[in-house]
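Descriptive structure summary
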Amino acid sequence: MGTLTNKRILLGITGGIAAYKSADLARRLRDAGAEVRVVMTRTAQDFITPLTMQAVSGSPVHVEMVSAESKTGMEHIELARWADAVLVAPASADFLARLAQGRADDLLTALCLATSAPVAVAPAMNTQMWTNPATQANMLTLRRRAVHVFGPGEGDLACGEVGAGRLLEPVELVTLTAGLFATGELDGLTVLVTAGPTWEAIDPVRGITNKSSGKMGYAVAEAAAAAGAKVILVSGPTALPDPERMQIIRVTSTQEMHDAVHAHVREAHIFIGVAAVADYRPVESAPQKLKKGAERIMLDLVKNPDILASVAALERKPFTVGFAAETDNIEQNARQKLTEKRLDLVCANRVGDGLGFESDTNSLLLIDASGITELPAAAKDKLARALIHHISGKYHVAQERQQQAEGRA
Ligand code: PMT
């Protein structure tokens, strides 16, 4: 897997001779695992054709604010929501000025305003234009607004001058773009995550389980790893491949998941229970396949341990986050779980009608003692990154409070 696996990168191209490098950049972003969509300004098309960019990116190129193909007439909003990150390379002096002013007079500037994803610019221009106080003032404004600035490099420029203003090489831009997802928010911390369903055997071929695919839990584990954490993923049976950069423990039953969690929970700073755990299991599991017989049979079930509650009850418990899959009264039921299981945070999601279980998208209500935050519907990987950002903030505040309390004691 590449460094940008499953990331959606919106590549913006503005007018400048360095635009010829954008084709190589798009290809390298895809080689690193990213899905790439391209937006070109009008002048960018004087330097490289949309057809070339379509061929290398594998998607139609967007150039107009309102296009005939757009279903909603709001292409800038659709693309702004689609992107996990926006990379404008090359970014011309004129584009940077318009971005700094907050203008929305073409598709690229409008979607940069509309997106909640990180925005990065790779300036490329003549040295005098780059060092001009107007450009430098624009860069200061953009940096203050958390726009990431990649480069420019120094060297021979297309205009014949030597100095600052060269577009960074595509390979460097790919590495820097991957770095946008490695926030370092959880550096030095260990995060223990449960994911997927559990399987409670009735006999060797039958069992009690549920429709959890593991997608949400794996996305949370990957987002934690990308944020710098050491991640231990305890997974029930799923069809998903093992994610990289983490320890994976595959289990089947709730009891096995419970035991694996408790074998590692002492090293965890944060525990996130995303698994859909079976609340009950058959009292006995038949050693041979059960034969068809009586018209009616009874299955005797016994309660499983509550893994999440058992972690939250530990004397030295990690910051404990639970999920609540609800079909109705979402907020009320989730608050009840927050209190009853003594959680630090609960993430409620609506399930049913194709939501939550199995699907690639989800939405969450994050509820704790201090309030409620809504993460609107988005792809599970994008949602997981927002969730990890939220958890990281809450964890660090809780740590500060605890240190202050220990200082007073
Ligand atoms: O896997 P996907 O297809 O991507 O679907 C994701 C999901 C819908 C499964 C996920 O987002 C989710 O909501 N997971 C929790 C589902 C659930 O079973 O909720 P619950 O209300 O039954 O349990 C509440 C919490 O207690 C959960 O954190 C659960 O992990 C935990 N629990 C429950 C029972 C038990 N015996 N032990 C537990 O630890």
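So, here's what we can say about the structure. The structure displayed is predicted, hence computed values, not measured ones.

What counts as what
Residues numbered from 1 in each chain as written. Predicted model: local features only at pLDDT ≥ 70, side-chain atom pairs only at ≥ 80, totals over all residues. Heavy atoms only, no water. Near = heavy atom within 4 Å. Polar contact = N/O pair within 3.5 Å; in protein donor to acceptor, adjacent residues only side chain to side chain. Areas by Shrake-Rupley, 256 points an atom, 1.4 Å probe, with all protein chains shown as cover. Helix = DSSP H or I, 4+ residues; strand = E, 2+ residues; numbered from the N terminus. Nonpolar A, V, L, I, M, F, W, Y, C, P; charged D, E, K, R; others polar. Phe/Tyr/Trp six-rings, centres within 6.5 Å; stacked < 30°, edge-to-face > 60°. Buried < 20%, exposed > 50% of the residue type's maximum accessible area, 1.4 Å probe, protein only. Lys NZ or Arg CZ within 6 Å of the ring centre and 35° of its normal. Core = buried A, V, L, I, M, F, W, Y, C linked by side-chain atoms within 4.5 Å. Contact = heavy atoms within 4.5 Å.

1. Some words on the site of the ligand
What surrounds the ligand is a group of 26 residues, the closest being Ser212, Ser213, Ala275, Lys337 and Asn349. Contact between the ligand and Lys215: an oxygen atom at 3.3 Å from a main-chain N or O atom of the residue. Contact with the protein chains removes 94% of the 780 Å² of surface that the ligand exposes when unbound. At the level of elements, α9 (215-226), α11 (307-312) and β16 (319-326) are the ones that each hand at least two residues to the shell around the ligand. At 3 residues, the largest contribution of residues to the shell around the ligand is made by β16. Among the residues making up the shell around the ligand, the classes are represented as 11 nonpolar, 8 polar and 7 charged.

2. Some points on the packing of aromatic side chains
Tallied over the full model, the rule gives 1 aromatic pair. With a centroid separation of 6.3 Å and 85° between ring planes, the pair formed by Phe319 and Tyr395 is classed as edge-to-face. Residue Phe319 is found in strand β16, and its partner Tyr395 is found in helix α13 (residues 380-408); the two are separated by 76 residues along the sequence. For Phe319, a relative accessible area of 9% corresponds to the buried category. A cation sits over an aromatic face here: Lys7 above Phe181, 5.2 Å from the ring centre.

3. Some words on the nonpolar core
Counting 36 residues, the largest nonpolar core has Leu186, Val220, Ile272, Leu364 and Leu387 as its most contacted members. Filtering out sequence-adjacent residues up to four positions away, Val220 remains in contact with Val193, Ile272, Val274, Ala384, Leu387 and Ile388. In this structure, Ile9, Ala26, Ala85 and Leu180 belong to the second largest nonpolar core, which totals 33 residues.

4. Things to note about the side chain of Asn362
For Asn362, the position within the fold is in strand β18 (residues 361-368). Side-chain polar atoms of Asn362 contact the side chain of Asn349, separated by 2.9 Å. Apart from the residues lying within four places of it in its own chain, the contact partners of Asn362 are Met216, Asn349, Gly356, Pro376, Ala377, Ala378, Lys380 and Leu383.

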